[in-house]
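Report on the structure
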Amino acid sequence: MRLLSLPPVIALLLITAAAPAAAHPPRDVIVVAADGSGDHTTVQDAVDAVPSGNSRPVTILVREGTYKQQVVIPADKPHLTLAGDTDDPAKVVLTFDAAAKTEKPDGSGPYGTSGSASYVIAAPDFTARDLTFENAYDEAAHGPSQAVAVRTTGDRQVYDNVRFIGNQDTLYANTASAGATARQYFHDCYVEGDVDFIFGRATAVFDRCVIKALTRGDAANNGYVTAASTEIANPYGFLIHRSHLVSDAPAGTYHLGRPWPAGRSATARGQVLVRESWLGQQFKDAPWTDMSGLSWRDARLSEYRNHGPGATVNDDRPQLSPRDAARFTPHRYLAGRDGWNPVRRDHDRPGPHRLGRETLGEKDGWAAATTGTTGGSAARPEDVHVVSTRTELIAALGEPADNRPRIVYVKGAIDADTDAAGNPLTCADYATDGYSLQAYLDAYDPAVWGRSSPPSGPLEDARRASYDAMSRHVSITVGSNVTLAGLGRDAALKSFGLRVRNADNVIVRNLTISDTADCFPQWDPTDGEEGNWNASFDNVEVSGSTHVWLDHNTLNDGDNPDANQPLYFGRPFQVHDGLLDVVRGSDYVTLSWNHLSGHDKVTLIGNTDNPNSYQEADKLRVTLHHNYFEGLGQRTPRVRFGRVHVYNNYYTGGGPYEYSIGVGFQSQVYANANAFEGIPAERVLSVLKGTAITAKDNLADGRPVDLVAAYNAANGASLGGDAGWTPSLHTRVHPPAALRALVPAGAGAGRIR
């Protein structure tokens, strides 16, 4: 057929119109928004918009919201990034609620474990960041069942700042087949569940993640963290590296894992290494167990240099040697034959304030020993709080049993003596069971009660009940893996009793903590020759805890000094106890750059001479440096048992001074390069059943002084001058002559540089 003769321009137009339209290149960014403001309203539609065989980076950006849908990202769509449009992954939730036993809507049967996955991600070279994958199956309402949040099978996948939420079988880190390898890197992630909630045969590295084992309310067995089904030919299965394994489950009720012979594989020998990680109280002393006929001892399950209350070494916990550990690093797990290296160097999490991310220096006193002290520096965005009321503070600190890393910033001054609405409370508001001070004075006046026994009876019971009511309201407990820090110079906790009890890895910084006053002190006519009033609140109490750093805090009695209290029965009505006590077997504590002033009994280290009470003989290792002890009465510090290093502290006299350093029962104090002003050299020390102290290079009123010789000469004593050890964990030691200018200018809240 011949073409008609047409003008060239018209012919060109006809030819162009007849030609097929050129395909549009894929978009670099595809926006998903539930409200219709993006390119698509569902994630699956956005995935479907990416062509098969995609060869260029494409980002699917998901705006804030909850998206309920099962989604498949197939293997033929590589180079995808699925990203939340916010730094907070809790604000973008990708969810579904199918369980293995849930019947499919089409009537074809139950979903099964693999089919229950909210997301199946098979694509290689895939990245997810800043969002949450969830399986919202309600286990409490419908009974236990496998319910997968994500099933991964692709190679070279990265998950950064991502949350995985579920119960049983939360994260199925898998491969496309038993013979395939799939490397997956989980960085700065959060995974929670109860039974086998990290499982599969992938090569997966969990780097600086928070892994929370949920309690099922069982007193003996609450579940298993891992169930690896690594094929024997693969040397690398799961690596949990420098992470926090936390839980609110009772102590000794969780397993680290069990080996899973997936599909009854005869060649599956799960490989799991947990290294340099914090393990909570939930773990059993024998944390590995058998599964489906496969003995855990025939698998490859091990640990290396873990710490925390759930970490120990015994015959049921295989440990790698340092030489072997060098072959099991994140880089080695992920490198493969192509040298893939996604490992992040900068692991700091996002946040507007850097103070909470700071950790103790590697040689900064006893709290730097063994694993060091990092507090809540690993907190995820959803566990960083700024509080300005008592209610907010208590909520942010949470239950001590929930030991997720968290950072709590105090903004402004918070008063404990306020109700939920912020209204002020007085002592009368705590009084109960008919207690009044006047009635107590009338009942236990020595002229009425006598002096041979402490008070007892209904009014003493009412005093105790009133004290308990106050204690419940004003005491706050800081759990493990917490940083509590003040924002700015005016951050303060007034009337609170701050308790670090039975915790590990705690930091408290940049706070003024003042006037922890007891409305209900007890009269004890048998205490001393004249009797005494005894209060029961400390501003800060570190009790039964390890790896604690208190730095740049100001502690005092505020505008309520004991000097202003009245006399009852001829004795001062004492409403304050200690400012900062370290007791009940606490260990590895550093107290630095704090300003303590205007108080009598200041710091007790060890609270009994009985070595059996808290097994303190090899504990109570505490460092005090660059603290400003201004106008204090005694106990700066008083020490029992502990190896306590006291250096570069600055002391001034004034007030009802008794002594500075108390050499208590079996104490081992090493005091060097401190400066004492307005304090006679012979009164610096007090011997309280101790036998020796090392005291070197100290100054009294600007002159070098041998504190031991001065004490012995004044008291006709023979105190020894060798505590039997030499500190090795300390920062720069300043000349004591420099402390007069250096310490008051730098110590206390608001002085962090």
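Not measured: the values here are computed from a predicted model.

**Here's the deal with the overall build of the chain**
When its secondary structure is counted, the chain shows 13 helices and 53 strands. Structurally, the chain occupies a C-alpha span of about 125 × 60 × 55 Å along its principal axes. In the chain, which comprises 753 residues, the proportion classed as buried is 57%. Intrachain contacts of the chain at a sequence separation of at least 6 include 73% that bridge at least 24 residues.

**Here's the deal with the confidence of the model for the chain**
Mean pLDDT over the chain works out to 94, with 96% of the residues at or above the 70 mark. A low-confidence stretch, residues 1-25 stays under pLDDT 50, and its non-local contacts, those more than four residues away or across chains, total two contacts.

**Section: the pairing of strand β18 (residues 238-241)**
Burial of the side chains of β18 extends over both faces: Phe238 and Ile240 are buried on one face and Leu239 and His241 on the other. Bridging between β18 and strand β21 (residues 271-275) involves four bridges; their strand directions are parallel. Of the residues in β21, the one forming a bridge with His241 is Arg275.

**Digging into the side chain of Gln157**
Counting through the fold element by element, Gln157 comes out in strand β10 (residues 157-165). Not counting residues up to four positions away in its chain, the partners in contact with Gln157 are Ile121, Ala122, Ala123, Phe126, Thr152, Arg183, Gln184, Tyr185 and Trp340.

**A closer look at the environment of Ala503**
Among the secondary structure elements, Ala503 is positioned in the loop between β28 (497-501) and β29 (504-509). Taking the C-alpha atoms as reference, Ala503 lies 38 Å from Ala335; in sequence the two are 168 residues apart. Those residues within four positions of Ala503 in sequence are excluded, and the remaining contacts are Val478, Gly479, Ser480, Gly544, Ser545 and Thr546.

**Regarding the state of the cysteines**
In total, this model carries one disulfide according to the counting rule given. Two residues, Cys427 and Cys519, share a disulfide whose sulfurs are 2.0 Å apart. Measuring the twist about the S-S bond at about -70°, one finds the Cys427-Cys519 disulfide to be left-handed. Linking Cys427 in helix α8 (residues 427-430) with Cys519 in the loop between β30 (512-514) and β31 (522-524), this pair joins segments that are 92 residues apart in sequence. The class for Cys427 is partly exposed, based on a relative accessible area of 37%. No disulfide involves Cys189; its sulfur sits 4.5 Å from that of Cys209, the nearest cysteine. Residue Cys189 is classed as buried on the basis of its relative accessible area of 0%. Look at Cys209 and you get buried, because its relative accessible area is 1%.

**Points about unusual backbone geometry**
For the bond running from Thr636 to Pro637, omega is 0°, close enough to zero to count as cis. Within the secondary structure, Pro637 sits in the loop between β43 (628-630) and β44 (638-639). Despite not being glycine, Asp196 shows a phi value in the positive range, around 50°. Its location among the elements puts Asp196 in strand β14 (residues 195-200). Even without being glycine, Ser495 reaches a positive phi, approximately 70°.

**Considering the sheet that holds strand β17 (residues 223-228)**
With parallel pairing, the seven strands of this open sheet are ordered in space as β4-β7-β9-β11-β14-β17-β20. Edge positions in the sheet fall to β4 (71-73) and β20 (254-257), since each of these pairs with one other strand and no more. Strand-to-strand twist in this sheet, taken as the mean axis angle between neighbours without regard to direction, amounts to 10°.

**A few points about the pairing of strand β45 (residues 643-647)**
Buried residues dominate β45, accounting for four of its five residues. Across five bridges, β45 lies against strand β48 (residues 668-672) in parallel orientation. From the neighbouring strand, Arg643 faces β48, where its bridge partner is Gln668.

**A look at the side chain of Asp524**
For Asp524, the position within the fold is in strand β31. We note that Asp524 is buried and unpaired, the nearest opposite charge coming from Arg451 at a distance of 8.9 Å. Within polar-contact distance, the side chain of Asp524 engages the side chain of Thr526 at 2.6 Å. What Asp524 contacts, discounting residues up to four positions off in sequence, is Pro454, Gly531, Asn532 and Asn534.

Here is what the cut-offs are and how they apply
- Residues numbered from 1 in each chain as written.
- Predicted model: local features only at pLDDT ≥ 70, side-chain atom pairs only at ≥ 80, totals over all residues.
- Heavy atoms only, no water.
- Helix = DSSP H or I, 4+ residues; strand = E, 2+ residues; numbered from the N terminus.
- Buried < 20%, exposed > 50% of the residue type's maximum accessible area, 1.4 Å probe, protein only.
- Contact = heavy atoms within 4.5 Å.
- pLDDT = per-residue confidence, 0-100.
- Pairing = 2+ DSSP bridges.
- Disulfide = S-S within 2.5 Å.
- Axes fitted to C-alpha atoms, helices over the stretch in contact; angles between N-to-C directions.
- Lys, Arg positive; Asp, Glu negative; His and termini not counted.
- Salt bridge = Lys/Arg side-chain N within 4 Å of Asp/Glu carboxyl O.
- Polar contact = N/O pair within 3.5 Å; in protein donor to acceptor, adjacent residues only side chain to side chain.

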